Amino acid sequence: MDQSISFLAEEGTAKLIEFSPLRATDVKLPSGAVFVIANSCVEMNKAATSHFNIRVMECRLAAKLLAKYKSLQWDKVLRLEEVQTNLGVSLEEMLLIIEDALHPEPYSPEEVCRCLGISLQELQTKILSPNTQDVLVFKLYQRAKHVYSEAARVLQFKKICEEAPDNMVQLLGELMNQSHESCRDMYECSCPELDQLVDICRTFGAQGSRLTGAGWGGCTVSLVPADKLPSFLANVQEAYYQSGDRCLAPEKQSLFATKPGGGALVFLEA
């Protein structure tokens, strides 16, 4: 997705990016609000941790259990999107299927094996990756619920932008808030500093705020009414960056307003 938007971005519009095949749709953003990026100053070394790999595997296992539950060819399924596509149902319907097919309690490797009708050795050698073979619990319900609900929020965000109701900024902000709560509680890819920064941004006028990127550190993105921007920047700067030991990132790079810009270009000599 990052590589796609780097080339497909156009000034003045957001993009809904879809894959298989790759395509991008313009999404006109509200004119009365701006997006503000705030760096939590927390860095996650992805190469030194297995958080991201475990989430990928949990989504894969959830997809296989859902496929098995719906009598699909589960051994060929790798992604949650494939289950929805093969069933031909909506994201909202997939959320209902999750409630029937998966339980909120974490799954042990042994329970996953029982559900799929395979041995522990088959699970470890044919499905699990080397860095997830020692994982003792998999939160399949939570991860699947996050993925399908987040996809539904993306489409709802686009729909609100197209319809442009009077309370558009409020509605978009609510979706962003729901997204962060799901990232924090269902996907568990937030961290205390991101949660604190999100709370601060909401306190000082953001209609919505959420983590952005892979999580476990990095930045938040907040939707701020344009007329509140100066006070918002000043208050967040004081409340987050001037309290405690948060001088790891240069101040001018930690907090800034942004708008959609153009993507990468190739210049050819005439």
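Heads up: the structure comes first, above all this text.
Basis of the calculations
Residues numbered from 1 in each chain as written. Predicted model: local features only at pLDDT ≥ 70, side-chain atom pairs only at ≥ 80, totals over all residues. Heavy atoms only, no water. Helix = DSSP H or I, 4+ residues; strand = E, 2+ residues; numbered from the N terminus. Expected span 1.5 Å × (residues − 1). Buried < 20%, exposed > 50% of the residue type's maximum accessible area, 1.4 Å probe, protein only. Contact = heavy atoms within 4.5 Å. Pairing = 2+ DSSP bridges. Core = buried A, V, L, I, M, F, W, Y, C linked by side-chain atoms within 4.5 Å.

Let's talk about helix H2 (residues 51–69)
- Between its terminal C-alpha atoms H2 stretches 27 Å, which fits the 27 Å expected from 19 residues at 1.5 Å a residue.
- Among the residues of H2, those classed as buried are Ile-54, Arg-55, Met-57, Glu-58, Cys-59, Leu-61, Ala-62, Ala-63, Lys-64, Leu-65, Leu-66 and Ala-67.
- Lining the buried residues of H2 we find helix H3 (80–87), helix H4 (91–101), helix H5 (109–116), helix H6 (120–127) and helix H7 (140–163).
- Just beyond H2, the residue with positive phi is Ser-71, at close to 60°.

Some details on the pairing of strand E2 (residues 23–27)
- The sheet contact formed by strand E1 (residues 14–18) and E2 spans 5 bridges and is antiparallel. Within the sheet, the bridge partner assigned to Glu-18 lies in E2 and is Arg-23.

So, the nonpolar core
- Counting residues in each nonpolar core, the largest one holds 41 residues, and the members touching the most others are Leu-61, Leu-66, Leu-102, Val-112 and Leu-140.
- Residue assignment for this core shows that the elements contributing at least two residues are H2, H3, H4, H5, H6 and H7.
- When residues of this core are assigned to their parent elements, the largest contribution, 9 residues, is made by H2.
- With near-sequence residues (within four places) excluded, Leu-66 lies in contact with Leu-80, Val-83, Met-94, Ile-97, Ile-98, Ala-101, Leu-102, Ala-144 and Tyr-148.
- Val-27, Phe-35, Leu-172 and Met-176 belong to the second largest nonpolar core, which has 16 residues in total.

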